[in-house]
There are 2 protein chains.
Amino acid sequence: MRPMETNYVHGYSDRERERLVDQATTLTELLHGDTRYPPGASVLEAGCGVGAQTVTLARNSPGARFTCVDVSAESLDAAYGRARAASLENVEFQQADIFALPFPEESFDHVFVCFVLEHLSRPGEALTSLVSRLRPGGTLTVIEGDHGSAFFHPDSAEARRAIECLVALQARAGGDALIGRRLFPLLTASGLADVAVSPRMVYVDGSRPQWVEGFTRNTFTAMVEGVGERALAAGLVGADTWRRGVEGLRRTAEPDGVFCYTFFKGIGVKRS
Amino acid sequence: MRPMETNYVHGYSDRERERLVDQATTLTELLHGDTRYPPGASVLEAGCGVGAQTVTLARNSPGARFTCVDVSAESLDAAYGRARAASLENVEFQQADIFALPFPEESFDHVFVCFVLEHLSRPGEALTSLVSRLRPGGTLTVIEGDHGSAFFHPDSAEARRAIECLVALQARAGGDALIGRRLFPLLTASGLADVAVSPRMVYVDGSRPQWVEGFTRNTFTAMVEGVGERALAAGLVGADTWRRGVEGLRRTAEPDGVFCYTFFKGIGVKRS
């Protein structure tokens, strides 16, 4: 069993959580709809980047205080601008490295990390660093994707190859684009208790035009297209295969196409 | 909107359906928990095989009458034995070919097909044949797996290769082990209305020992192991790669392993 405050963090009964996730009409709801922190709680968002998740986090828990750190001053500038534009009053930003956090041990009630571990060569050490800043009984929440979870109709060897290029580029940069499937062992190894990982599958077919546009086309396919120059420059793929791969992904957004991708969300509790 | 009887077929509100699926503790619940037919309804189970799903179907809808057909007399014998052992009184068996069904048009209230289309070289024609036997307003329910949806930790190229052998063997036999992702376009093309497909992801990690044993080890890995001789005889893979592939799958059942697989369930309504 989790301590009461942890239950509050979920903010909902398990059934309500499931309803929120199952009925999610946007990716933000699917991934973040069941994360709520209680009034007065201090939350560290580690690796906030340009603040893409910060606005959602802070709005969903208006009584909590967020300390959002990133190693990049440039990203923090963008995040600060976003928070100001959203009139957030419960968020502070600070430049910091996850591996050398300028906070004493046990100084936060909760920690939140989203789309960060995938970029790190030592995600386990990052988690250990973050867990050390948690107060006993507090929670750590992690959200990551897994590019190996993508499959689609019509199937396309070139589209699969294009996705493998993303995975290879991430690996060359020291990261792991397949990290979603590893959240359970990573969180368990970091010493957290009551580790629970839930897959958040995005299933898109012609009956869900908003997801076709918002996810298949403008999120996933756009992300793949965005690394084309790097993939070609790295010699990971030929130009023709790449072009056909991107075409294959676009093809899955046609009315008879289907696209599947799974995110993973894990939560664990700091031992007392 | 679906007609009232269709709503009854679901047997539950959407929220209740989601709860049933999300809280499923067995694969049977995950796949079949939300299929209920009303008293008096006549249901065709097409391709019942050895009756693996028949017992669940008939028990979950004790007031409905099931006509279960299969092309194999041998399978039907086994199915009949199973139904008798389960004391089912609402099930009849009949030998029949899905492509030449001995029933007039519009003679069933509902049709149920599970793990059948994957074996057929003309799944679209099979659906057309089945839809023709449906009364207007009746539903057709299809459940299929998709071997391309499997991914796991630790990742293993040999384990992926072993799974590809299953897909190749299925293709050589005229089937499609990746058919799950195609249910939406297949059902839509068969002329059904209100087609809705939902993924049923099996996510297994060390916190779910019953699923590790029941699914990862005794269902999926056992299935792969079962085609080893055929895969080797067909020259699809070398003995050493195969051995390491099976070892790789077994490895995912260790306490720090993770295994993911997605089934798809689709339902559509016969137009009036």
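This text gives an overview of the structure that appears in the document. Please read these numbers as outputs of a predicted model, since none were measured by experiment.

Per the secondary structure count, chain A includes eleven helices and eight strands. Its C-alpha atoms give chain A a radius of gyration of 19 Å, near enough to 19 Å, the size a compact globule of 272 residues would have. Residues counted as buried form 57% of the 272 residues belonging to chain A. Sequence-distant contacts, at least 24 apart, represent 79% of the contacts inside chain A between residues at least 6 apart. Of the roughly 11,300 Å² that chain A leaves accessible, carbon and sulfur atoms contribute 50%. Distance from the positive charge centre (28 side chains) to the negative charge centre (34 side chains) of chain A: 1 Å.

Let us now look at the side chain of Lys-265 of chain A. Residues and elements named next belong to chain A. You can see Lys-265 is positioned in strand 8 (residues 258-269). Looking at Lys-265, its side chain comes within polar contact range of the side chain of Asp-34, at 2.8 Å. Among the polar contacts listed, one links the side chain of Lys-265 to the side chain of Thr-35, at a separation of 2.5 Å. The contact partners of Lys-265, leaving out residues within four places of it in the chain, are Leu-31, His-32, Asp-34, Thr-35, Thr-141, Val-142, Ile-143, Leu-183, Ala-196, Val-197, Ser-198 and Arg-200.

Its rotation angle being 180°, the transformation that places chain B on chain A also includes 0.0 Å of axial translation and leaves an RMSD of 0.0 Å. Here the symmetry operator amounts to a two-fold rotation axis. When C-alpha positions in chain B are compared against the rotation axis, the closest is assigned to Ser-149 of chain B, at 3.5 Å. Interface residue correspondence from chain B to chain A reaches 100%, placing this contact among same-surface, isologous pairings.

With that settled, the discussion passes to the environment of Leu-30 of chain A. Residue and element names in this part refer to chain A. Note on placement: Leu-30 falls in helix 3 (residues 27-32). Residue classification places Leu-30 among the buried residues on the basis of a relative accessible area of 7%. A C-alpha to C-alpha distance of 13 Å links Leu-30 and Gln-53, two positions 23 residues apart in sequence.

Attention now moves to the environment of Val-71 of chain B. Residue and element names in this part refer to chain B. When you line up the elements, Val-71 lands in the loop between strand 2 (65-70) and helix 5 (73-85). Its relative accessible area of 55% is what places Val-71 among the exposed residues. Each C-alpha atom, one on Val-71 and one on Cys-48, is 9.0 Å from the other, the two residues being 23 residues apart in sequence. Excluding anything up to four places from it in sequence, Val-71 contacts Gln-95, Ala-96 and Asp-97.

In this complex, chain B contributes 32 residues to the contact, which on the side of chain A involves 32 residues. Between chain B and chain A, roughly 2,600 Å² of surface is buried when both sides are summed, and carbon and sulfur atoms account for 67% of that area. By the criterion of area lost to chain A, the three top residues of chain B are Phe-151, Arg-181 and Phe-184 of chain B, representing 25% of everything that side buries. Remark: the boundary between chain B and chain A carries two salt bridges. Of the charged contacts in the structure, one is a salt bridge between Asp-155 of chain B and Arg-181 of chain A, with a shortest N-O distance of 3.9 Å. The interface formed by chain B and chain A includes two residue pairs in polar contact (both at pLDDT 80 or more). Within the residue set of the side of chain B that touches chain A, elements represented by two or more residues are helix 2 (14-22), strand 6 (151-153), helix 8 (183-189), strand 7 (193-204) and strand 8 (258-269) of chain B. Residues belonging to the side of chain B that touches chain A are distributed by class as follows: 14 nonpolar, seven polar and eleven charged.

Another point: the packing of helix 9 (residues 209-226) of chain B against helix 11 (residues 239-251) of chain B. All names here are of chain B. Interhelical geometry of helix 9 versus helix 11 gives an angle of 170° and a closest axis separation of 10 Å. Comparing the axis directions of helix 9 and helix 11 gives the class roughly antiparallel. Contacts between helix 9 and helix 11 involve Thr-216, Phe-220, Thr-221, Val-224 and Glu-225 on the former and, on the latter, Trp-242, Val-246, Leu-249 and Arg-250. Of the residues in the contact of helix 9 with helix 11, the class split is five nonpolar, two polar and two charged.

Our next topic: the packing of aromatic side chains. Summed over the entire model, instances satisfying the criterion amount to 26 aromatic pairs over all chains. Both rings, one in Tyr-203 of chain A and one in Phe-264 of chain B, keep their centres 5.8 Å apart while their planes meet at 50°; by these two values the pair is tilted. Placement of Tyr-203 of chain A in strand 7 (residues 193-205) and of Phe-264 of chain B in strand 8 is noted, with the two residues assigned to different chains. By the burial criterion, Tyr-203 of chain A is buried, and Phe-264 of chain B matches it.

What counts, and where the lines are drawn
- Numbers given for residues are sequential positions, taken from 1 along each chain in its written order.
- Chain letters and ligand numbers both follow the written order, the letters beginning at A and the numbers at 1.
- Where local features are concerned, this predicted model is filtered to residues with pLDDT of at least 70; where side-chain atom pairs are given and counted, the filter is 80 or more; whole-chain, interface and lining totals use all residues.
- Hydrogens are left out, water is left out, and the side-chain values use all remaining heavy atoms of the structure.
- Helix and strand assignments follow DSSP, with helices taken as H or I runs no shorter than four residues and strands as E runs no shorter than two, numbered in order from the N terminus.
- With C-alpha atoms as the basis for the radius of gyration, the globule rule is written as 2.2 Å multiplied by the number of residues raised to the power 0.38.
- Classification of residues uses two cut-offs on accessible area relative to the type maximum, computed with a 1.4 Å probe and protein chains only: under 20% is buried, over 50% is exposed, and between them is partly exposed.
- In this description, contact between two residues means that some pair of their heavy atoms is separated by no more than 4.5 Å.
- Here, Shrake-Rupley sampling with a 1.4 Å probe gives the accessible areas, and only protein chains in the shown set may cover a residue.
- His is not counted, nor are the chain ends, whereas Lys and Arg count as positive and Asp and Glu as negative.
- The atom standing in for a charge is NZ when the residue is Lys, CZ when it is Arg, CG when it is Asp and CD when it is Glu.
- Two N or O atoms form a polar contact when they lie within 3.5 Å of each other; inside protein one atom must be a possible hydrogen donor and the other a possible acceptor, and for residues adjacent in sequence the pair counts only when both atoms belong to side chains.
- Least-squares superposition of the copies uses the C-alpha atoms of those residues scoring a pLDDT of at least 70 in each of them.
- Here the quantity called buried area is the accessible surface, traced with a 1.4 Å probe, that two parts lose on coming together, added over both.
- Whenever Lys or Arg places a side-chain nitrogen within 4 Å of a carboxyl oxygen from Asp or Glu, that contact is recorded as a salt bridge.
- The nonpolar class holds Ala, Val, Leu, Ile, Met, Phe, Trp, Tyr, Cys and Pro. Asp, Glu, Lys and Arg form the charged class, and all remaining residues, Gly among them, are polar.
- Between N-to-C directions, angles span 0 to 180 degrees; the directions come from axes that are lines fitted to C-alpha atoms, helices contributing only their stretch in contact.
- Any angle that falls under 35 degrees is termed roughly parallel, while one over 145 is termed roughly antiparallel, one within 65 to 115 roughly perpendicular, and all others oblique.
- Note on aromatic pairs: the rings of Phe, Tyr and Trp (six-membered ring only in Trp) are paired at centre separations within 6.5 Å, and the planes decide the class, stacked below 30 degrees, edge-to-face beyond 60, tilted for the rest.

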